Amino acid sequence: AMLSGGVDSSTVASLMTQISGQPINTFTVGFDGDFEDNELDFARQHAQRINSHHHEVVISADEFSSFLPHAIHHLEEPVATASTLAMYKVCELARKHVKVVLTGQGADEPFAGYHRYLGERYGEWYRRVPSPIRNYLISPIVMALPRNERLKRAVNSLGESDNTQRIINIYNTFDPSLQKSLYQSDIMHTNGFYKSVYELQKEVNHLDSVTQMLYMDARLYQADNLAIYGDKMSMANSLEARVPFLDLDLMKFVERIPPSLKIKGRVRKYILKKAVSKWIPDEVINRRKIGFATPVDQWFRGEWRNEIYDRLLASNSGCQAYLNSSTIESILDEHYSGREDHKRLLFSLMTFEIWHEQFIKTPIATQ
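Rules behind the numbers
- Residues numbered from 1 in each chain as written.
- Predicted model: local features only at pLDDT ≥ 70, side-chain atom pairs only at ≥ 80, totals over all residues.
- Heavy atoms only, no water.
- Helix = DSSP H or I, 4+ residues; strand = E, 2+ residues; numbered from the N terminus.
- Buried < 20%, exposed > 50% of the residue type's maximum accessible area, 1.4 Å probe, protein only.
- Contact = heavy atoms within 4.5 Å.
- Lys, Arg positive; Asp, Glu negative; His and termini not counted.
- Charge placed at Lys NZ, Arg CZ, Asp CG, Glu CD.
- Polar contact = N/O pair within 3.5 Å; in protein donor to acceptor, adjacent residues only side chain to side chain.
- Phe/Tyr/Trp six-rings, centres within 6.5 Å; stacked < 30°, edge-to-face > 60°.
- Lys NZ or Arg CZ within 6 Å of the ring centre and 35° of its normal.
- Salt bridge = Lys/Arg side-chain N within 4 Å of Asp/Glu carboxyl O.
- Arc of directions from axis to C-beta.
- Axes fitted to C-alpha atoms, helices over the stretch in contact; angles between N-to-C directions.
- Parallel < 35°, antiparallel > 145°, perpendicular 65-115°, else oblique.
- Left-handed = near helix turned anticlockwise from the far one by under 90°.
- Nonpolar A, V, L, I, M, F, W, Y, C, P; charged D, E, K, R; others polar.

> Would you mind showing me how to read the overall build of the protein here?
Within the protein, the regular secondary structure consists of 21 helices and four strands. Counting only C-alpha atoms and orienting by the principal axes, one finds that the protein spans roughly 65 × 55 × 35 Å. Within the span of the protein, comprising 367 residues, buried residues form 47% of the whole. Sequence-distant contacts in the protein: of pairs separated by 6 or more residues, those separated by 24 or more amount to 76%. Of the side chains in the protein, 42 bear a positive and 45 a negative charge, and the two mean positions are spaced by 6 Å.

In structure tokens, the structure reads:
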């Protein structure tokens, strides 16, 4: 089993141990240095609880940087998720011992595990604040804060009254004005994601907004991001990675559960945590959610800084072909001066650049 030490993977590993009646193999990935969200210790602790044969791999910044093009080669499309390489390396580790693994992936979308679901659940309270106060007091103060990308995105999203547009705002890596300035004026672009959101929303527009968001997340973010890189990184290592939380019968059942049982107070995935409490200790259930986090921002500010400038601003780069170099320079300046937190956008640009280099600039068939 893939084991991070969080609720989902710990549940899968515990149930596997119970069913098998003997110790299982568990695998985890961590990072060099003082990354505060390293999950190595949490995974080790749960491995000791279930007495598993535990294995781990640690990734350095140099390894991440040099191996990222290899991971993108296997992805075959620009999926800008920093945990892609971590997934590759833990699959590489697991394949040395087993041919099939189970993962805890897939529980956050149907059970409401992300911060954005908490915001959607209680966002109507924010929208009750008179719009002049929101638009001319709260929003300017928040936007003036250094970094705080998640809070700024929340303020931009929660004030939107239209359910579908609000979901689009939540997903946007950068605001529409920045997006407009980033594209070159002669580049015509459409966003198929927006169309997909509107089409899916029609199927559930009679339901509450949290359920709508969960429904769309499972069919967009989960299917087109997490499942893509999970499947391709495991297959690149000839490893079968299976996802019990995405069992279709389970998904159909969970999607009928009302959001009041998925979010209770500030507790996300409430009903799942109650259900697994017989197997998972309170210290795991109540621990702050980390997710498949990586120290990409630390590396952007350290080991990767020169490479980012060199790649994104090179005269023959894909970014220079389609995007405005002055806007890219402004993004870099804002990020490295500490005024803004653009790590998600910068990683997206880096992923696009490496993908473009491999599949467009030098088509894969001719390599």
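> How do you make sense of the side chain of Asp341 when you look at a structure like this?
Residue position: Asp341 is located in the loop between helix H20 (325-337) and helix H21 (343-361). Polar contacts involving the side chain of Asp341 include one to the side chain of Lys343, which spans 2.7 Å.

> Help me understand the packing of aromatic side chains, please; the structure alone is not making it clear to me.
Aromatic ring pairs are reported here in terms of the distance separating the ring centres and the angle at which the planes meet. Tallied over the entire structure, the rule returns nine aromatic pairs. Plain terms: the ring middles of Phe67 and Tyr88 are 5.0 Å apart, the flat faces sit at 50° to each other, and that makes the pair tilted. On the criterion of sequence distance, the pair formed by Phe67 in helix H3 (residues 61-75) and Tyr88 in helix H4 (residues 84-95) is long-range, its members being 21 residues apart. We note that Phe67, like Tyr88, is buried. For the ring pair Tyr122 and Trp125, a centre distance of 5.1 Å and an interplane angle of 40° mean the geometry is tilted. Here Tyr122 and its partner Trp125 are both found in helix H6 (residues 115-127), three residues apart, which amounts to about one turn of the helix. The class of Trp125 is exposed, set by a relative accessible area of 54%. Counting every residue linked through ring pairs, the aromatic cluster contains Tyr322, Phe352, Trp355 and Phe359. We note Lys264 situated over the ring of Tyr270; from NZ or CZ to the ring centre the distance is 5.6 Å. Residue placement shows Arg305 over the ring face of Tyr336; its charged tip is 4.3 Å from the ring centre.

> Which parts of the structure should I look at to understand the pattern of salt bridges?
Side chains carrying opposite charge are able to pair once their charged atoms draw close together. Within the structure shown, the criterion is met by 17 salt bridges. Salt-bridge contacts for Arg49 lead to Glu283; the nearest nitrogen and oxygen are separated by 3.0 Å. Linking Arg49 in helix H2 (residues 40-50) with Glu283 in helix H16 (residues 282-285), this pair joins segments that are 234 residues apart in sequence. Here Arg166 and Glu120 are joined by a salt bridge, their closest N and O atoms 2.6 Å apart. One end of the pair, Arg166, is in helix H9 (residues 163-171); the other, Glu120, is in helix H6, with 46 residues separating them in the sequence.

> Would you take a moment to explain helix H18 (residues 305-313) for this structure?
Note on helix geometry: an α-helix contains 3.6 residues per turn, so any two residues three or four positions apart are oriented the same way. All of the buried residues along H18 are Ile308, Arg311 and Leu312. Viewed along the axis of H18, the buried residues span an arc of 90°, placing them on a single side of the element. Exposed residues on H18 whose side chains face more than 90 degrees from its buried face are Asn306 and Asp310.

> Looking at this model, I keep getting lost on unusual backbone geometry. Mind explaining?
In most cases, non-glycine residues show a negative phi, while peptide bonds are predominantly trans. Although it is not a glycine, Ser238 adopts a positive phi angle of roughly 55°. Looking at where Ser238 falls in the secondary structure, it is placed in the loop between helix H13 (221-235) and strand E4 (240-242). By relative accessible area, Ser238 is classed as exposed at 53%. Located in the positive-phi region is Lys269, a residue other than glycine, with phi close to 55°. Relative to the helices and strands, Lys269 is located in the loop between helix H14 (248-254) and helix H15 (270-276). The class of Lys269 is buried, set by a relative accessible area of 6%.

> Where do I start with the packing of H18 against H21 in this structure?
Two packed helices can be described by the angle between their axes and the distance between those axes. In contact at an axis separation of 10 Å, H18 and H21 are set at 55° when each is read in the N-to-C sense. Classified by the interaxial angle, the pair formed by H18 and H21 is oblique. Crossing geometry of H18 relative to H21 is assigned as left-handed. The residues of H21 that touch H18, namely those facing Glu307, Ile308, Arg311 and Leu312, are Leu346, Leu349, Met350, Glu353, Ile354 and Glu357. Class assignment for the residues of the contact of H18 with H21 results in six nonpolar, no polar and four charged.

> I tried to follow the side chain of Gln201 on my own but got confused; where do I start?
Of note, Gln201 is situated in helix H11 (residues 192-204). Within the structure, the side chain of Gln201 is placed 3.1 Å from the side chain of Gln212, a separation counted as a polar contact. Sequence-distant contacts of Gln201, that is, excluding residues within four places in its chain, are made with Thr164, Gln212 and Met216.

Note that all results are geometric; they support no functional claim without further evidence.
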